[in-house]
Protein chains: 2
Amino acid sequence: MSEPAASPSGKAPKRIDFYFDLSSPYSYLAATQLPPLAARNNAIVQWKPIVLAAVFKNTGNVMPAACAPKATYMLADLGRWAAHYGVPFRFNTRFPINTIRAMRMIIAAGMERGSEYGHAELGQALFHATWAEDRDITDDAELRRIAQVLGLPGDALLAACDTQPVKDRLRAFGDEALARGVFGAPSLFVGDELFWGNDRLDFVEAALRRA
Amino acid sequence: MSEPAASPSGKAPKRIDFYFDLSSPYSYLAATQLPPLAARNNAIVQWKPIVLAAVFKNTGNVMPAACAPKATYMLADLGRWAAHYGVPFRFNTRFPINTIRAMRMIIAAGMERGSEYGHAELGQALFHATWAEDRDITDDAELRRIAQVLGLPGDALLAACDTQPVKDRLRAFGDEALARGVFGAPSLFVGDELFWGNDRLDFVEAALRRA
C-alpha cells in the first residue's frame, strides 16, 4: 500500500522512524519536509505518534515553553523556519493541545489499511490543520471533516479511537521511543541513530545517504 | 586594533554580538565558525562572555544535560557537528567547569588593548583548550600558558581578574544578555534579532546579508 516494495533501482527502500506529537510545532515543520527528503533518498517514513507529555514526565525533561524567554524566542524561531521552508505557519491559539484522540485517529487510519504505522496523509492533514490553519483538533467534528476530505471513513475512525488495540499502539509507540532514548519531538531514527529536532534534518539526510 | 574601521568597499562593518560561556560545548562549535562567517559578511564579532549558570537561574531554564537521555544524545550530536565542521572535539572530563576566572581573563585581555569586548583570540584559545584538548582552564598555570602562547602578559592578566572593573564587566554582559532575552548559550545577535544555538548560524548569516 503506502510502502513501495522496491525502487526503480531494485533496492529495498531505507526507513525513517518519525516520532512526533501533533502538539509540537517543530514536528509540523519537520513533517512538511519529510516527503521530498524521503523521495530523494529512496526512503519511506514510518509515522509513530507519541504523547510528548508522557515522554517529558518519564525523562524528567521539561517543555521548552516552560521558560518564558525561550517561549518568546521560539515564536520568532518557528516563523524563521516556516519562511525558510516556504510553508504556512500560525501558532495554534489553543496551545497546549490535548492531541491524544487525533493521534489515535492517525493510528486507526493506518490499521484500517493494514499498516502497523500511522497514516501519513492523515498525519500531514492534522499537522496542517493545527499549525497552518489554527483549527481545533480536539473537536470530533473537525477530525471527521479532516478525515473525510482525504476519503477516509471519519465516523468509523472516531469509533476506532476508543478501542483497545488503537489505545495500546499509541502507548506502545511511546514506550518504544523511551526505550530508544527519545526525550523530545520530533525524534527521527535512521537505523539506530537518533536525531532530535526539525533542525537536524540535514543530518538525517546524511545518515540516509550512508545507509 | 581588532575592529576594522571599514571594508574595502568603504562600508562600516556589521556587528555580531556573541554571548557565550566557555563551559558550553555548542558555544565552542559556534566559535570555530565565526571567523570565516564574519569575514565573508564584512562583520566583526563582539565577544561577550556570560555566566551561563546565572542565566539559567534567572530565567528558570535548566542545563540540557540535566535530562539523562538528552545528555546522552548531546554527546552524539556534538560529535556529528564537529565532524561536519571538520574541527577537533573531546568532551571535557571536568565538566561542568567553573569558567568565571577564564572568562574574566578574556575580558581583562580585551581591556588591556582598550576594547570593551572580550579578546577574541584568547577566547578561541581557551575554547580550544577546553573542548579540543581536554585541558583544565580552572588552573592558573594553564591560563598563564595559554595567554603567553598568544604573546599576552599572563601574570598581569591573572592579576587583573581580581579587579572590580573586570568582575563588573562580566556581570554586566550577563545582565545585558538577560535584558535582551537570552536564556542559553551560545546566543548571537544581529541588530536586535536573537539567534540561539550553534545550529542557527545559517540564520545569523542570512540576517547579516539583510543587514
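Below is a short write-up of the structure. (Residues numbered from 1 in each chain as written. Chains lettered and ligands numbered in written order. Predicted model: local features only at pLDDT ≥ 70, side-chain atom pairs only at ≥ 80, totals over all residues.)

**Concerning the overall build of chain A**
In terms of helices and strands, chain A carries nine helices and four strands. Traced from its N-terminal end to its C-terminal end, chain A shows the element sequence β-α-β-α-α-α-α-α-α-α-β-β-α. Relative to its length of 211 residues, chain A is compact, with a C-alpha radius of gyration of 16 Å against a globular reference of 17 Å. Across its three principal axes, chain A shows a C-alpha extent of roughly 50 × 40 × 35 Å. In chain A, which comprises 211 residues, the proportion classed as buried is 42%. Taking all contacts inside chain A whose residues are at least 6 apart in sequence as the whole, residues at least 24 apart take part in 71%. (Helix = DSSP H or I, 4+ residues; strand = E, 2+ residues; numbered from the N terminus. Rg over C-alpha atoms; globule rule 2.2 N^0.38 Å. Buried ≥ 20, exposed ≤ 12 C-beta atoms within 10 Å, placed from the backbone. Contact = placed C-beta atoms within 7 Å.)

**Observations concerning the interface of chain A and chain B**
Listed by partner, the interface residues are 16 residues for chain A and 16 residues for chain B. Considering every element that reaches the side of chain A that touches chain B, the biggest residue donor is helix α3 (residues 68–85) of chain A, with five residues. Among the residues making up the side of chain A that touches chain B, the classes are represented as eight nonpolar, five polar and three charged. (Nonpolar A, V, L, I, M, F, W, Y, C, P; charged D, E, K, R; others polar.)

**Some thoughts on the relation of the copies chain A and chain B**
Rotating chain A by 180° and translating it 0.0 Å along the rotation axis places it on chain B, where the RMSD comes to 0.0 Å. Taken together, the turn and the small shift mark the pair as related by a two-fold rotation axis. For chain A, the minimum C-alpha distance to the rotation axis belongs to D199 of chain A and amounts to 3.6 Å. Both copies share a contact surface, since 100% of the interface residues of chain A are interface residues in chain B too. (Least-squares fit on C-alpha atoms with pLDDT ≥ 70 in both.)

**Remarks on helix α6 (residues 140–149) of chain A**
All names here are of chain A. Within the span of α6, buried status applies to L143, I146 and A147. Relative to the axis of α6, the buried residues are bounded by an arc of 100° and lie together on one face. Projecting away from the buried face of α6 at angles above 90 degrees are the exposed residues A141 and V149. Buried-residue contacts for α6 involve α4 (100–112), α5 (120–131) and α7 (154–160). (Arc of directions from axis to C-beta.)

**Considerations on the sheet that holds strand β1 (residues 14–20) of chain B**
Residues and elements named next belong to chain B. Strand order in the open sheet formed by four strands is β2-β1-β3-β4, and the pairing between neighbours is mixed. The open sheet has two edge strands, β2 (43–49) and β4 (193–196), and neither has a second partner. Adjacent strand axes in the sheet meet at a mean angle of 25°, parallel and antiparallel pairs treated alike. Where β1 meets β2, seven bridges bridge the pair, whose relative direction is parallel. The residue bridging K14 from the neighbouring strand is A43, located in β2. (Pairing = 2+ DSSP bridges. Axes fitted to C-alpha atoms, helices over the stretch in contact; angles between N-to-C directions.)

In short, shape yes, function no, at least from these values alone.
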